[in-house]
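Each chain, written out:
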Amino acid sequence: MTEANKVIEMKGITKQFGNFKANDNIHLDLNKGEIHALLGENGAGKSTLMNILSGLLEPTEGEIWVNGDKVNISSPDVANQLGIGMVHQHFMLVDKFTVTENIILGKEKHRFGFMDQASAEEDVKKLSDQYGLRVDPKARISDISVGMQQRAEILKTLYRGADILIFDEPTGVLTPQEIDELMDIMNALVKEGKSIILITHKLDEIKKVADRCTVIRRGKSIDTVDVASTSQQELADMMVGRSVSFKVDKKPANPQGPVLEIKKLTVKEARGYDAVKAIDLEVKAGEVLGIAGVDGNGQSELIQAITGLTKVDSGTITLDGKDITNKKPRKITETGLGHIPEDRQRYGLVLQMKLEENMSLQTYYQKPFSNHGFLNHKEIKEHAKRLIEEFDVRTPSEEHTASSLSGGNQQKAIIAREIYRDPILLIAAQPTRGLDVGAIEYIHKRLIEQRDNGKGVILMSYELDEIMNVSDRIAVMYDGNIIAVVNADETNEKELGLLMAGVSLEKAHEEVAETKGKEKDTIANTK
Amino acid sequence: MLTQSSNRLNNLLVPILSIILGFIFGALLMLVFGYNPILAYQAMLTGVFTSPYFFGEALRQATVLTFTGLGFAIAFKAGFFNIGIAGQVLVGWVSAIWVALAFPDLPRIVLVSLSLLAGVVAGSIWAGIAGALRAYFGTNEVIVTIMLNYTALHVTNYLIRNVLGTGNTTERVGENASLRLDWLTSLTAGSRLNLGFFIAIIVVVLYWIFMTQTTAGFEVRAVGLNPYASSYAGMSAAKNIILSMVISGALAGLGGAIHGLGTFGNIFTQSGLPHVGFNGIAVALLGLGNPIGIFFSSILFGVLDVGAGFLPNRAGVPDEMASIVIAAIIFFVGANYLIRFFLDKVQTNKQATEGGE
């Protein structure tokens, strides 16, 4: 391929923080009109590399060439001028503003000092038609779906004239249908002459849309491969540096008596609406109950109510035969609950505190970690060291703050802490969000282990693959109700997808059967 | 990612740089107005450090500031801005004097303990009001403590005029309630430095033990840093809010009691809130919430405060100049983001040049 086709070349990029090399001589090049995946474990240095490209960080060594010219991207503004735009994982949108207002933010059109709303809306409409990015220019961000918010975010970068788009883990918050839509959008963008860097952990997405893939591991670029001629297994092995298994190895479940019984539970969310509507649910010892559903259908509130972080409006929750309805979190924890919270940085850890202190966050007041109100720092340290060792939490030492760990290792630390307490019921909410396959494999293994030890496990996740792989039974939540509970080995992605969209179980059954029939027909026809 | 040790170094560098910049700023201002800054700083330092009396006075001032600084710091650690330290000092002060005047014939050790205890209790109740309102009704502690400051001021003045004394001052407390230590007084050529200084050192140690070695201190720190994770971990936010405010007020009240019994021996009507309250905030910020840091910051402020008296006579500089230096130091501490930014730049530049070699 000729040099002229390369829109970006990053040559020998090294970024050093203190003694730590986040990027070590990384090479990456992006061809015009291609989708180039950037694959790597958490903490491998993907974000650092992209932050360098978008002007947030300056490399210690190395050169960046854009469209054949050597450039110095000293600030996000410079990146903007070079046509590099980032679609962030956590959307950078103002909730109270409309789609148009968000898109033009910072680049407002004005006439005689007044905002020219009408012509801005026109522009947004034109852009959205051109790339097939369906949005309602007048809708407020807070009123539209996550998928549309993301499209607004993409439009924002296009509005600023970006030709090179960086997508940072774009599918984490989307439903399967929305993911397909996004893939179409990315293909459309490329057809219009844009070039895309896709940061992701998800190998199936890479296989679906990417042309080439650069794998980085521990700050070094391992290889750049042609996606079409590389299998998912090869990609995964390259990323982790060893052979990875995708299938969760598990024996059939051996469920015992119930550990958690929920009866007629109603929970209100902050604004006073019913988020959970009089549901019944049971988790048995020795099973993993998956809770599936699109974000915002009451799953978070359900878990907050079980863990005592939100008030129960009515109904009862019984853990291990003891009533824990509206009990204090500490009481519930002591009754035998472990909780891997959905928002790990907000709820799971005190980031500014040392890792060792975080490892005893719920048990510091018990022996041997303290005695008559005085902390036993030695025991706390030993305990932390044990957990770090046993659960392979990667940190320079237990005295570093939790914030200095990578996302995956923060999660491992929480999981270590929760599982080590050996709770009767373990609630894992989105335990693998944003983690790489190596870490996911490990966490799934631990959850299954917990099940096999005769404990109850609740797995709440927006990832269907994860739910189907790990759970024994799956409860699907829609609009605050449990719309169905199905056995994991008797269902499929399609059926779950329909249930998640609020279609009743019978209807879902029918529809799945119908499409299967049709598929057979088409196969028959082609034959 | 900064390494742990360089983080610690930066923590120390920020206050030190703030102090240096504060002095430089003061010097520049003096130059602008035609004063000689070298002469001025010399006057302050030699004035304080060559005279046992003035050095003693500086330490006495530092004593009270240590209490108010620690008081502010503990609430701050728990996530609250206790701007009511001044009011809590005042109620502690008046309560201690009240008890000392009410039981003049008790043995010294009993009366001193009781009077100090009265200050502690008064201060903790005063701050506890704001803590309880915050914990149970979610009221903003800044507004409540500001209002309580004025309530304290006027209640105290009323008590002095109508209950404790006649006119604008009370009687002096008896020998049995005084914190004066004869050997210390003669060592410092008659300064008012007193037993309170040693109490302050003990409290600095106790504060450190509480924050780093006890489960209660662990909770206060955790709640202050991340209330969500703390409630997840089963800590009670309400309990810790009230606890930290009560301790905060107790320290301020003890500072007030020591100010009353040690410095003045009485209480007189106040036209405004005691400055030691607000300077305590500054001391806590300069000490970055660390008890040892607060202790040394208090000494610096004590020296500046007492040294200011030498400016007019020995250097021909108005003594307000010292307040400007103090204000500038506080400004630079407050602007520590700026200083950190500057330090980061220096470090990356150094790395860049090292990398280039």
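Structure shown above.
All of the points below concern the structure found in this document. For every chain, the first residue of its written sequence is number 1, and the numbers climb from 1 along that sequence. All chains are assigned letters beginning with A, and all ligands numbers beginning with 1, in the order in which they are written. Two thresholds apply to this predicted model, a pLDDT of at least 70 for residue-level local features and 80 or more for giving and counting side-chain atom pairs, whereas whole-chain, interface and lining totals are computed over all residues. No hydrogens and no water enter the side-chain calculation; it runs on all heavy atoms of the structure.

1. Some thoughts on the sheet that holds strand 10 (residues 195-200) of chain A
All names here are of chain A.
Thinking step 1. Ordered by their spatial adjacency, six strands build an open sheet running 6-9-10-3-11-12, and the pairing between neighbours is mixed. Unpaired on one side and paired on the other, strand 6 (84-87) and strand 12 (220-226) mark the two borders of the sheet. Direction aside, neighbouring strands of the sheet carry axes that sit 20° apart on average.
Thinking step 2. Contacts are assigned to residue pairs with any non-hydrogen atoms lying within 4.5 Å of each other. Axis geometry follows a simple rule: fit a line to the C-alpha atoms, using only the stretch in contact for helices, then measure angles between N-to-C directions, giving values from 0 to 180 degrees. Each helix is a run of DSSP H or I of at least 4 residues and each strand a run of E of at least 2, with the numbering of both proceeding from the N terminus. Here helix 1 (residues 46-53) sits on the sheet and contacts strand 3 (35-40), strand 6, strand 9 (164-168), strand 10 and strand 11 (212-217); the angle it forms with strand 3, its principal contact strand, is near 135°. We call two strands paired when DSSP finds no fewer than two bridges between them.

2. Focus: the sheet that holds strand 22 (residues 456-460) of chain A
All names here are of chain A.
Thinking step 1. If you walk across this open sheet you meet the six strands as 18-21-22-15-23-24, and the pairing is mixed. Looking at strand neighbours, the two that pair on one side only are strand 18 (337-340) and strand 24 (481-487), the edges of this open sheet. With strand direction ignored, the average angle separating the axes of adjacent strands in the sheet is 15°.
Thinking step 2. Its contacts with the sheet place helix 10 (residues 329-336) against strand 18 and strand 21 (425-429), and it is angled at close to 110° to strand 18.

3. Observations concerning the pairing of strand 14 (residues 274-284) of chain A
Put simply, side chains in a regular strand alternate between the two faces of the sheet.
Residue and element names in this part refer to chain A.
Thinking step 1. When strand 13 (residues 258-268) meets strand 14, the two strands line up antiparallel, connected through seven bridges. Bridged to Ile 262 within strand 14 is Leu 281.
Thinking step 2. Joining the antiparallel neighbours strand 13 and strand 14 is a turn of five residues, in which Gly 272 adopts a positive phi near 100°.

4. Some details on the environment of Arg 421 of chain A
Residues and elements named next belong to chain A.
Thinking step 1. Within the element layout of this structure, Arg 421 appears in the loop between helix 14 (407-420) and strand 21.
Thinking step 2. Sequence separation between Arg 421 and Leu 319 is 102 residues, and the spatial gap between their C-alpha atoms is 16 Å.
Thinking step 3. When residues no more than four places from it in sequence are discounted, the contact partners of Arg 421 are Thr 333, Leu 337, Gly 338, His 339, Gln 362 and Thr 363.
Thinking step 4. What qualifies as a polar contact is a pair of N or O atoms within 3.5 Å, subject to a donor-acceptor requirement within protein and to the restriction that residues adjacent in sequence count only when both atoms come from side chains. In this structure the side chain of Arg 421 is engaged in a polar contact, spanning 2.5 Å, whose partner is the side chain of Glu 418.

5. Concerning the interface of chain A and chain B
Thinking step 1. Listed as interface residues are 35 residues of chain A and, on the opposing side, 22 residues of chain B.
Thinking step 2. Where chain A abuts chain B, roughly 2700 Å² becomes buried across the two surfaces, and 59% of that area is made up of carbon and sulfur atoms.
Thinking step 3. Whenever a carboxyl oxygen of Asp or Glu lies within 4 Å of a side-chain nitrogen of Lys or Arg, that contact is scored as a salt bridge. Here Arg 221 of chain B makes a salt bridge to Glu 357 of chain A, at a shortest N to O gap of 3.0 Å.
Thinking step 4. The tally of links between chain A and chain B comes to 14 residue pairs in polar contact (both at pLDDT 80 or more).
Thinking step 5. When residues of the side of chain A that touches chain B are traced back to their parent elements, those giving at least two are strand 1 (6-17), helix 10, helix 11 (344-348), strand 20 (374-375) and helix 14 of chain A.
Thinking step 6. Among the elements that line the side of chain A that touches chain B, the one with the most residues is helix 11 of chain A, at four residues.
Thinking step 7. Of the residues that constitute the side of chain A that touches chain B, the class distribution is 15 nonpolar, 14 polar and six charged. Values labelled buried area give the accessible surface lost by two parts on being combined, using a 1.4 Å probe and summing over both. Lys, Arg, Asp and Glu make up the charged group, whereas Ala, Val, Leu, Ile, Met, Phe, Trp, Tyr, Cys and Pro make up the nonpolar group; the residues left over, Gly among them, are polar.

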